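Examination of the molecular architecture
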Amino acid sequence: MGMNMGPLVTTEWLAEQLGKPDIVVFDATKYLPNEPKDGRAEFLRARVPGARYFDIDEIADPDTDLPHMVPTPGRFAKLMAALGVSNTSRIVFYDQKGLTSAARGWWLMGLFGHDNAAVLDGGLPKWLQQGRPTEHGEPVAPAPGMFRPDYRAGQIRGIGDMLRNVRTQSEQVLDARAAGRFTAATPEPRAGMRSGHIPGSISVPYTDLLHEDGTFRSTAEVRQRFASAGIDGGRPLVTSCGSGVTACILTLGLRIAGIPEGAVYDGSWTEWGGRSDTPVEVG
């Protein structure tokens, strides 16, 4: 088994590991409703050799109208096994944009007890920019794996937890959305959605943790960004965003910074802003 990887791996490291029997590479790209691209179609056009497609809309709860909510442990285990994942696998997630959705895959693995997972720093853009090989077309189906989940309920928050926390403020909520969406200066991309933020939450746009090319800033810079937001690990943390995807980038940043990363609010603003019984702050 060897040592667990760090939460972030380089293109150089991945290039050396490709083809080893315990390595599983996932393209976890999910484009937003307003983006004219399809993650799976792009995956078929160009991917890291041997990569499989991790569809966050499929590896999700099919019985809710909220986007890509966490599936049951049974569903997660069944889908992971079908994708060739076992408990002994070393798993690397990347996405086609640098880093927007890959961290959601990394976080899901940890939620279901699998710590030997990482995100590819810089994603597919950096891989391509360095002239590394790709493959295309329909991938060969992997041999099925054997995955036993170990669900860690403490790493996720639901609407009831969040409503209680508005009263108690016992946990510090970090919002990964763009600052304009937090303050309500810019409207939400989803129609009919209220603007603003969960009362008492702090704005930490996930882009603040990244360079322009989608690679992570240095550990010191990430720590400094959290410190300037008043986050010192004194209170348990919960990350939130538009639909529970980029929140995971903040969670990854907390892991990199060595701050206990707490939980993710899975429903995020799609749930909170879409209800009439939730308090909203603006400005």
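Above this text is the structure in question.
Just so it is clear, the model here is predicted, and its values are computed rather than measured.

Here we take up the sheet that holds strand β4 (residues 90-94). The strand order across the open sheet built from five strands is β1-β5-β4-β2-β3, with neighbouring strands paired in parallel fashion. Both outer strands of the open sheet, β1 (8-9) and β3 (52-53), are each paired with one neighbouring strand and no more.

Let's shift gears to the pattern of salt bridges. Summed over the entire model, instances satisfying the criterion amount to 20 salt bridges. Notably, a salt bridge pairs Arg-40 with Asp-55, separated by 3.6 Å at the nearest N-O pair. Placement of Arg-40 in helix α2 (residues 39-45) and of Asp-55 in the loop between β3 and α3 (73-82) is noted, with a sequence separation of 15 residues between them. According to the relative accessible area criterion, Arg-40 is partly exposed, its value standing at 35%. Residue Asp-55 is classed as buried on the basis of its relative accessible area of 13%. Three or more residues are tied together by salt bridges with common partners; here these are Lys-30, Arg-40, Asp-55, Asp-57 and Glu-58.

Glancing now at the packing of helix α8 (residues 219-228) against helix α9 (residues 247-257). As a packed pair, α8 and α9 sit with axes 9 Å apart at the nearest point and diverge in direction by 115 degrees. With respect to α9, the axis of α8 lies roughly perpendicular. Read as a crossing pair, α8 and α9 show a hand that is left-handed. On α9, the residues touching Thr-219, Val-222, Arg-223 and Phe-226 of α8 are Leu-250, Gly-253, Leu-254, Ile-256 and Ala-257. For the contact of α8 with α9, a count of residues per class yields six nonpolar, two polar and one charged.

The next subject is the pairing of strand β7 (residues 172-175). Every second residue of β7 is oriented toward a common face, with Gln-172 and Leu-174 on one face and Val-173 and Asp-175 on the other, all of them buried. Here four bridges tie β7 to strand β9 (residues 237-240), and the two strands are oriented parallel to one another. Of the residues in β9, the one forming a bridge with Leu-174 is Thr-239. The pairing of β7 with strand β8 (residues 202-203) spans two bridges and is parallel. Within the sheet, the bridge partner assigned to Asp-175 lies in β8 and is Ser-203.

In this section: α9. Of all eleven residues that make up α9, ten are buried, and the element is covered over most of its length. Where α9 is concerned, the buried positions are Ala-247, Cys-248, Ile-249, Leu-250, Thr-251, Leu-252, Gly-253, Leu-254, Ile-256 and Ala-257. Of the residues one or two after α9, Gly-258 is the one with positive phi, at around 80 degrees.

Right, let's get into the sheet that holds strand β10 (residues 263-265). Pairing is parallel in the open sheet, where five strands are placed in the order β6-β10-β9-β7-β8. In this open sheet, the two edge strands, each paired with only one partner strand, are β6 (156-157) and β8.

What follows deals with α3. When we look at burial in α3, the residues that qualify are Phe-76, Ala-77, Leu-79, Met-80 and Ala-81. Tucked into the core, α3 has its buried residues touching α4 (102-111).

Thresholds applied
Residues numbered from 1 in each chain as written. Predicted model: local features only at pLDDT ≥ 70, side-chain atom pairs only at ≥ 80, totals over all residues. Heavy atoms only, no water. Pairing = 2+ DSSP bridges. Helix = DSSP H or I, 4+ residues; strand = E, 2+ residues; numbered from the N terminus. Salt bridge = Lys/Arg side-chain N within 4 Å of Asp/Glu carboxyl O. Buried < 20%, exposed > 50% of the residue type's maximum accessible area, 1.4 Å probe, protein only. Axes fitted to C-alpha atoms, helices over the stretch in contact; angles between N-to-C directions. Parallel < 35°, antiparallel > 145°, perpendicular 65-115°, else oblique. Left-handed = near helix turned anticlockwise from the far one by under 90°. Contact = heavy atoms within 4.5 Å. Nonpolar A, V, L, I, M, F, W, Y, C, P; charged D, E, K, R; others polar.

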